[in-house]
Structure formats: structure tokens, C-alpha cells
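Working through the structure, step by step
Next come the chains, spelled out residue by residue.
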Amino acid sequence: MSAWLDFGASVVGGAVAAAAALGGVALGQRGENTRLTKADRQHLRDLKGERLRKLYEPLVKFAMLLQQVAKEKSYVMEGDTVEKRDERHQNELAAGMHQVGTVIAATVIEPGTIKVLKAYEATYAACDSYLRSLNTNATVHNSTTYEDLQKQFAAILSAADSLKATVLKQLEELEQPIQ
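Residues numbered from 1 in each chain as written. Predicted model: local features only at pLDDT ≥ 70, side-chain atom pairs only at ≥ 80, totals over all residues. Heavy atoms only, no water.

Details of the pattern of salt bridges
Formally: Put simply, a salt bridge is a Lys or Arg side-chain nitrogen that is within 4 Å of an Asp or Glu carboxyl oxygen. Runs of H or I in DSSP of at least four residues are treated as helices and runs of E of at least two as strands, each being numbered from the N terminus. Burial status follows relative accessibility: with a 1.4 Å probe on protein chains alone, a residue under 20% of its type maximum counts as buried, one over 50% as exposed, and anything between as partly exposed.
If you walk through the whole model with that rule in mind, you get six salt bridges. As a salt-bridge pair, Glu32 and Arg35 come within 2.8 Å of each other at their nearest N and O atoms. Taken together, the residues Glu32 and Arg35, both in helix α1 (residues 2-72) and three residues apart, mark about one turn of the helix. For Arg35, a relative accessible area of 47% translates into the label partly exposed.

In C-alpha cells:
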């Protein structure tokens, strides 16, 4: 009976060893699959980050233009007049609005950009309202008070700050490592 005992122990031991080997292979494969999945997700997120940086650059430039115009509202450069400055600002704002208009469609179709899109729409609406008031003021004297224009311009600045912060926050989130 000793031979049968040895044979049985060998069979059981072989089965246990085979199961352990298969379990180890399965565990190793699962770890590799997890690593590859994480690497794929990271790669896709990196690609999205590159797309968004290119897409958002005109939006950030627009926000920075609005901030620059705001700073220049408090003074007139030598050889410039208030009217020339305001006309230059009006042209710069209109050009900036046109430039961002060329990329906003891409923002609409890019997944996960709704917060940036809403911040852009608020900035665009504030800027549009301000420019319309300036145009109305130029054609109909004193139709909009100076205080109203200042409030509208303050709304532009607030919206521009929000747009810039929203863009930077989303891009910063894409820099965080995937867990």
C-alpha cells in the first residue's frame, strides 16, 4: 500500500503545483492587463491634454487680452487720446472675439469641456454687450452712461478671469497621474 500512497501523494502534489502555477500565471496576467489598461488610459489622457492645450490657447489669449485692455483703461499713453485708445480696444476686442470664434466649435464637440464652454459663453456675452454699448454710444450720444460701461467692463473682467481659471484648472487636472 505504500506504493499507492506514494502515487496518490504524487498526484495530489502535482495537481497542487499545477494549480499554483496556473494561479500565478493568471495573477501575473491580470497585473499585466491592469498595467496596460492604465498605460492606455494615460496615453489617451495625454493626447487629450495636447488637444485641449491647442484648443484652449486662443481662449486664454482672449482672456489675457481682456485683462490687458482693462489695465490700459486707467491711463492714456503719450501721443494717444481717449478716443483712439477706446477705438483700438474696441478693434482688439472684436478681433479677439473673432479668433476665439474659430475654435469654439471644436470646444463644443470635445468631450468634457462644458465648464470651459460655459465660461467662454459668459465672457463672450459680456464682451459683446460692452461692444454693442460702445457702438450705440458712438451713434446715439449718451445712450449708455459711463457707469453702465464700467459695470459692463467689470463683468468682462470677471468673466475673463473665470474663463482663464476654468481652462487652467481643467488642464491641471489632466496633469494628475491616473490611479
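Focus: the packing of α1 against helix α5 (residues 146-175)
Keep this limit in mind: Orientation is described by lines fitted to C-alpha atoms, with helices fitted over the stretch in contact, and by angles between N-to-C directions that extend from 0 to 180 degrees. Just so you know how the angles are binned, under 35 degrees is roughly parallel, over 145 roughly antiparallel, 65 to 115 roughly perpendicular, and the rest oblique. If you view the pair so one helix is near and one far, a crossing is left-handed when the near helix is turned anticlockwise from the far one by less than a right angle, and right-handed when it is turned clockwise. Note that Gly is not counted as nonpolar here; it falls among the polar residues with everything else outside the nonpolar set of Ala, Val, Leu, Ile, Met, Phe, Trp, Tyr, Cys and Pro and the charged set of Asp, Glu, Lys and Arg.
Following both chains from N to C, one finds α1 and α5 inclined at 160°, their axes separated by 9 Å at the closest point. It follows from the interaxial angle that α1 and α5 lie roughly antiparallel. The hand of the α1/α5 crossing is left-handed. Tallied by class, the residues present in the contact of α1 with α5 amount to 17 nonpolar, three polar and six charged.

Brief notes about the packing of α1 against helix α2 (residues 82-101)
Rule in force here: Residues count as neighbours in contact if any of their non-hydrogen atoms are within 4.5 Å of one another.
At their nearest, the axes of α1 and α2 sit 9 Å apart, and the two run at 170° to each other. In this view, α1 runs roughly antiparallel relative to α2, as classed from their interaxial angle. Pair α1 / α2 crosses with left-handed handedness. Contact with α1, carried on its side by Pro58, Leu59, Phe62, Leu65, Leu66, Val69 and Glu72, involves Arg85, Arg88, His89, Glu92, Leu93, Gly96, Met97 and Val100 of α2 and no other residues of that element. Classifying every residue of the contact of α1 with α2 gives nine nonpolar, two polar and four charged.

Quick word on α1
Here is the rule: Multiplying 1.5 Å by the residue count of a helix minus one yields the expected span of that helix. To get the bend at any residue, fit one axis to the seven residues that end at it and another to the seven that begin at it, then take the angle between the two axes.
If you check α1, its first and last C-alpha atoms are 100 Å apart, about what 71 residues at 1.5 Å a residue would give, namely 105 Å. Maximal helix bending in α1 amounts to about 40°, located at Tyr56; proline Pro58 follows within four positions.

Observations concerning the environment of Ala70
Examined against the element boundaries, Ala70 turns out to sit in helix α1. The spacing of Ala70 and Asp148 is 78 residues in sequence and 15 Å in space, taken between C-alpha atoms. Here Ala70 is in contact with Phe153 and Leu157, once residues within four sequence places are set aside.

What to know about the layout of surface pockets
What counts is decided by this rule: In this analysis a 1.4 Å probe is tested at points of a 1 Å grid over the protein atoms alone, and where it fits but cannot get out there is a cavity; an open set with protein on both sides within 12 Å along at least five of seven lines is a pocket; lining residues have an atom within 4 Å of a point. Grid points are joined across faces, edges and corners, and a volume is the space filled by probe spheres set on the points.
The calculated volume of the second largest pocket comes to roughly 150 Å³. Taken together, Pro58, Lys61, Phe62, Leu65, Glu92, Ala95, Gly96 and Gln99 make up the full set of residues lining the second largest pocket. Sorting the residues of the lining of the second largest pocket by element identifies α1 and α2 as the ones contributing at least two each. Looking at the lining of the second largest pocket residue by residue, the classes come out as four nonpolar, two polar and two charged.

Topic: the confidence of the model for the protein chain
Quick reminder of the rule: Predictor confidence is given residue by residue as pLDDT, running from a minimum of 0 to a maximum of 100.
Per-residue confidence for the protein chain averages 82 on the pLDDT scale, and 94% of its residues sit at or above 70. For the protein chain, helix α4 (residues 114-139) is the element with the lowest average pLDDT, namely 81, and helix α3 (residues 104-109) is the one with the highest, namely 87.

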